[in-house]
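Coordinate analysis (summary)
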Amino acid sequence: MSTTSPSVVEDAQGAGGQEAAHHWRLAWDSALKAVELDVQDAERLIFDMHHAVDELPELPVTKDWVAPALLGQVPSEFADRARALLQRQLDVTERLAEAMVYVRSQRRVLGKFDEPERRPVFVDAAL
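Every value quoted in this text rests on a predicted model; they were computed, and no experiment measured them. (Residues numbered from 1 in each chain as written. Predicted model: local features only at pLDDT ≥ 70, side-chain atom pairs only at ≥ 80, totals over all residues. Heavy atoms only, no water.)

The next thing to look at is the overall build of the chain. For the chain, the count of helices and strands is three helices and zero strands. Its helices and strands taken in sequence order, the chain reads α-α-α from the N to the C terminus. Of the contacts made within the chain by residues no fewer than 6 positions apart, 78% connect residues no fewer than 24 positions apart. With an accessible surface of roughly 10,900 Å², the chain has 57% of that area assigned to carbon and sulfur atoms. (Helix = DSSP H or I, 4+ residues; strand = E, 2+ residues; numbered from the N terminus. Contact = heavy atoms within 4.5 Å. Areas by Shrake-Rupley, 256 points an atom, 1.4 Å probe, with all protein chains shown as cover.)

Another aspect to go through is helix α2 (residues 17–50). The α-helix advances 3.6 residues per turn, and as a result positions three or four apart in sequence lie on the same side. Relative to the 50 Å expected for 34 residues at 1.5 Å per residue, α2 spans 50 Å between its end C-alpha atoms, a close match to the ideal helical length. Directly beyond the C-terminal end of α2, a positive phi value near 50° is found at Ala 52. (Expected span 1.5 Å × (residues − 1).)

In this section: a nonpolar patch on the surface. A grouping of Val 109, Leu 110 and Phe 113 is seen on the molecular surface, where their side chains present a nonpolar patch of about 340 Å² in accessible area. Structurally, Phe 113 can be placed in the segment after α3 (79–111). (Patch = residues over 30% accessible without salt bridge, like charges linked within 9 Å, V, L, I, M, F, W, Y side chains within 5 Å. Salt bridge = Lys/Arg side-chain N within 4 Å of Asp/Glu carboxyl O.)

Tallied over the full model, the rule gives zero aromatic pairs. Here the basic side chain of Arg 81 rests over the ring of Phe 78, its NZ or CZ set 5.6 Å away from the ring centre. (Phe/Tyr/Trp six-rings, centres within 6.5 Å; stacked < 30°, edge-to-face > 60°. Lys NZ or Arg CZ within 6 Å of the ring centre and 35° of its normal.)

Taking 1.5 Å of rise per residue, 33 residues should cover 48 Å, and α3 covers 48 Å from first to last C-alpha, within 8% of that figure. For α3, the full list of buried residues reads Ala 79, Leu 85, Val 92 and Ala 99. (Buried < 20%, exposed > 50% of the residue type's maximum accessible area, 1.4 Å probe, protein only.)

Turning to the pattern of salt bridges, a few remarks are in order. This model, assessed by the stated rule, comprises seven salt bridges. Here Glu 77 ties to Arg 25 by a salt bridge, and the two come within 2.5 Å at their closest N and O atoms. Of the two residues, Glu 77 sits in the loop between α2 and α3 while Arg 25 sits in helix α2, which places them 52 residues apart along the sequence. Where Asp 80 meets Arg 83, a salt bridge forms, and the shortest distance between an N and an O atom there is 3.1 Å. With a gap of three residues between them, Asp 80 and Arg 83 both fall in helix α3, about one helical turn apart. The exposure classification of Asp 80 matches that of Arg 83, with both residues exposed. Look at the salt bridges and you will find they share partners, linking Asp 29, Lys 33, Glu 36 and Arg 81 into a network.

Now for the confidence of the model for the chain. Averaged over all residues, the pLDDT of the chain equals 79, while 76% of them reach at least 70. Looking at the elements of the chain, mean pLDDT is at its lowest for helix α1 (residues 6–12), recorded as 46, and at its highest for α3, recorded as 91. Low pLDDT (under 50) marks residues 8–13, which in the prediction has eight contacts with non-local residues, meaning those over four places away or in another chain. (pLDDT = per-residue confidence, 0-100.)

Core analysis: the biggest nonpolar cluster contains 12 residues, these being Trp 24, Trp 28, Ala 31, Leu 32, Val 35, Val 39, Ala 42, Ile 46, Leu 71, Phe 78, Leu 85 and Val 92. Per element, the largest residue contribution to this core is eight residues, and it comes from α2. Excluding residues within four positions of it along the chain, Leu 32 makes contact with Phe 78, Arg 81, Ala 82 and Leu 85. (Core = buried A, V, L, I, M, F, W, Y, C linked by side-chain atoms within 4.5 Å.)

Here we come to the packing of α2 against α3. For the pair α2 and α3, interaxial distance at closest approach is 10 Å and the crossing angle is 30°. Comparing the axis directions of α2 and α3 gives the class roughly parallel. Viewed along their axes, α2 and α3 form a crossing whose handedness is left-handed. Contacts between α2 and α3 involve Asp 29, Leu 32, Lys 33, Val 35, Glu 36, Val 39, Gln 40, Ala 42, Glu 43, Ile 46 and Met 49 from the former and Arg 81, Ala 82, Leu 85, Arg 88, Gln 89, Val 92, Arg 95, Leu 96 and Ala 99 from the latter. (Axes fitted to C-alpha atoms, helices over the stretch in contact; angles between N-to-C directions. Parallel < 35°, antiparallel > 145°, perpendicular 65-115°, else oblique. Left-handed = near helix turned anticlockwise from the far one by under 90°.)

Rendered as structure tokens:
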């Protein structure tokens, strides 16, 4: 795996080559950090759900994820980090799917309970 993007190699022939390579690495570092934070939030939410935390944190309003544009290949020094992050994403995805199946089955069971026709009335009176 090459350590530089093709566009960075072309820029390296000019005066700004080292600066372009530096910015390219910073862009990849920033992109990976953003995904790591999203995965960390999902892992924390799953942990809190399974450990019956009374108040789950409010989920942030997020936009649809957009892949970083024009970054080129992942720098080789980030390859292991990217692979580990991908594995964490896959693990979280699997655990979220399992949680959805569990919740669906719980809702199905709760739906089988009939609501009473009338609300019960209790009278507190001395006999």
